[in-house]
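For reference, the chains in residue letters:
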Amino acid sequence: MTLKLDIDSPLMQADFTFGVATAAFQIEGANTAEGRCESIWDKFCQQPGKVVNADDGAVACDHFHLWREDIDLIESLGVDAYRLSIAWPRIINPIDGSINAKGLAFYDNIINELNARNIKVFVTLYHWDLPQYLEDNGGWLNRDTVQAFVDYAEVISAHFKERIYSYCTFNEPWCSAYLGYQYAVHAPGKKSRKMGLQAAHHLLLAHGLAVPVIRRHCAEAQVGIVLNFTPGDSASNSPADLQATQIYNDYNSHWFIQPLMQGSYPSSIEQLYAEDLPVIEAGDLDQINVDIDYLGINFYTRAVVAAPDSNADELFQLVPQTDVEHTDIGWEVRPTALYTLLTELNRIYSLPPIYITENGAACDDHLLDGQVDDQQRCDYLQQHLLAVERAVREGVTIKGYFAWSLMDNFEWAEGYSKRFGIVYVDYQSQQRTLKKSAHNYRKLLNSRSFINR
Ligand code: IFM
């Protein structure tokens, strides 16, 4: 399968944005350069057993030094937009809270270059790299971190103004809160449900308080947030499995989207996990329910859910699927779940326009004779683009699609062992090679009728 959409597809029109995405910690390296302070991920990587092969972000894709060549690469793909994140630890000095001009200058160079090349800039303010000095004071468990984030958002929006087309406050607060504070598989490696829920509330509150601040500085910019969804399907029609699936979806999806869209948390979770509920102050939920210009949705896979075994601490369990296609990271390939998710969310909520801000596959890629034949990723992207197209045709407002990722990079607890890029990175030489999927993505984008390339 190659990447192909009909010329009259809604995705092939000039008002639909195609892009590629990355995040600072995953590609930049140079973690002590020019006043960058330690982040929770620098520290987490040093702890034995936390990251596969004890990999870390010290060099990553060396994008800190190779950013100009990487922008050439991005431009060569023919994308309309590039989604990157700014590393908070590069911007604020931990000693006195002052602004690190060198950190801003690094992103000035990148953003000005993208502006000059007419590539729309989508910036994420927080893609998981909390400055360690804030974690030392409790991180996302401490309400003071909310204000620290708002101050940082003010620095960035006051400085970059509308040079940034789209501001995203947070990428995947589910991961920061639950993987970081409940399941201990991501930084900072804390482990309790109560902490996970408290961190989630503070992340959402920080979003709600930052949005008006960004708007004050950039009236024309788009402001939103990015959520990840792994929708749960019930393993059977038994009442117990159906109920467990509802709890799974309420806990993992609606706990994040419902307060953003409706200013309330799912009552099922409030009742079932009453002992673990976060501290919520008067007015918090109204702040979280602030108007946004778009919702970013990251989608990779679905989950199959069943009632838990007796005596289990959880109220649901995940059922591994055999005899279905998986990617190299063990995630089921299920494009119809993306279509169902989009139409379901659209049915339940009054949504702002949506961007698919991440979608992609980890594959066991190999560079052979200068080429990478990542057919599985090509098929994956094609199937998911068709799922998006179908949802658009059925009335869901979707304004863009970003492939995750521009290039192979540091895949968090998996280190460099999993490759998500459409561009292959040789980490020894730092050479980049377009995979088949990148060639196909470029062909698709260049085949749009309004493009003269
Ligand atoms: O690499 C990550 C990214 O940082 C956030 N979304 C999911 C991707 C794949 O795991």
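These figures come from a predicted structure and were not determined experimentally. (Residues numbered from 1 in each chain as written. Predicted model: local features only at pLDDT ≥ 70, side-chain atom pairs only at ≥ 80, totals over all residues. Heavy atoms only, no water.)

Trainee: Break down the pattern of salt bridges for me, citing the residues and quoting the values.
Mentor: This structure, assessed with the given rule, holds 31 salt bridges. Its salt-bridge partner being E358, residue R83 comes within 3.1 Å of it at the nearest N-O pair. You can see R83 sitting in strand β2 (residues 81–85) and its partner E358 sitting in strand β10 (residues 354–358), a full 275 residues away along the chain. The class for R83 is buried, based on a relative accessible area of 1%. On the basis of relative accessible area, E358 is assigned to the buried category, the value being 4%. Its salt-bridge partner being D408, residue R419 comes within 2.6 Å of it at the nearest N-O pair. Here the residue R419 occupies a position in the loop between β11 (398–404) and β12 (423–426), and D408 occupies one in the loop between β11 and β12, the gap between them amounting to 11 residues. The exposure class assigned to D408 is buried, which follows from its relative accessible area of 0%. (Salt bridge = Lys/Arg side-chain N within 4 Å of Asp/Glu carboxyl O. Helix = DSSP H or I, 4+ residues; strand = E, 2+ residues; numbered from the N terminus. Buried < 20%, exposed > 50% of the residue type's maximum accessible area, 1.4 Å probe, protein only.)

Trainee: Talk me through the sheet that holds strand β8 (residues 303–306); I want residue IDs and the actual numbers.
Mentor: Read from one edge of the open sheet, three strands run β6-β8-β9, paired in mixed fashion. The sheet is open, and its two edges are formed by β6 (232–234) and β9 (317–318), each paired on a single side. Relative to β9, β8 runs antiparallel, the two sharing two bridges. In the sheet register, V305 faces β9, and the bridge partner there is L318. (Pairing = 2+ DSSP bridges.)

Trainee: Quick rundown of the packing of helix α7 (residues 144–160) against helix α9 (residues 193–217)? Include the residues and the values.
Mentor: Where α7 contacts α9, the axes come no closer than 9 Å and their chain directions differ by 30°. Relative to α9, the element α7 is oriented roughly parallel. The element α7 and its partner α9 pack so that their crossing is right-handed. Taking contact as the criterion, the partners of V146, F149, V150, A153, E154, S157 and A158 in α7 are, on α9, H202, L205, A206, L209, A210, V213, I214, R216 and H217. Within the contact of α7 with α9, the residues separate by chemical class into 11 nonpolar, three polar and two charged. (Axes fitted to C-alpha atoms, helices over the stretch in contact; angles between N-to-C directions. Parallel < 35°, antiparallel > 145°, perpendicular 65-115°, else oblique. Left-handed = near helix turned anticlockwise from the far one by under 90°. Contact = heavy atoms within 4.5 Å. Nonpolar A, V, L, I, M, F, W, Y, C, P; charged D, E, K, R; others polar.)

Trainee: Could you give me a rundown of the packing of aromatic side chains, with the residues and numbers involved?
Mentor: Per the counting criterion, the structure on display carries 38 aromatic pairs. A centroid spacing of 6.1 Å and a plane angle of 80° characterise the contact between W88 and Y126, whose relative ring orientation is edge-to-face. Residue W88 is found in helix α4 (residues 88–91), and its partner Y126 is found in strand β3 (residues 120–126); the two are separated by 38 residues along the sequence. Classification of Y126 by relative accessible area gives buried; the value is 1%. Joined through ring pairs, the aromatic side chains of F25, W41, F44, W128, F410, W412, Y416 and Y427 make up one cluster. When the ring centre of Y165 is taken as reference, the NZ or CZ atom of K120 above it lies at 4.8 Å. Stacked on the ring of Y339, the Lys or Arg R390 has its end atom at 3.6 Å from the ring centre. (Phe/Tyr/Trp six-rings, centres within 6.5 Å; stacked < 30°, edge-to-face > 60°. Lys NZ or Arg CZ within 6 Å of the ring centre and 35° of its normal.)

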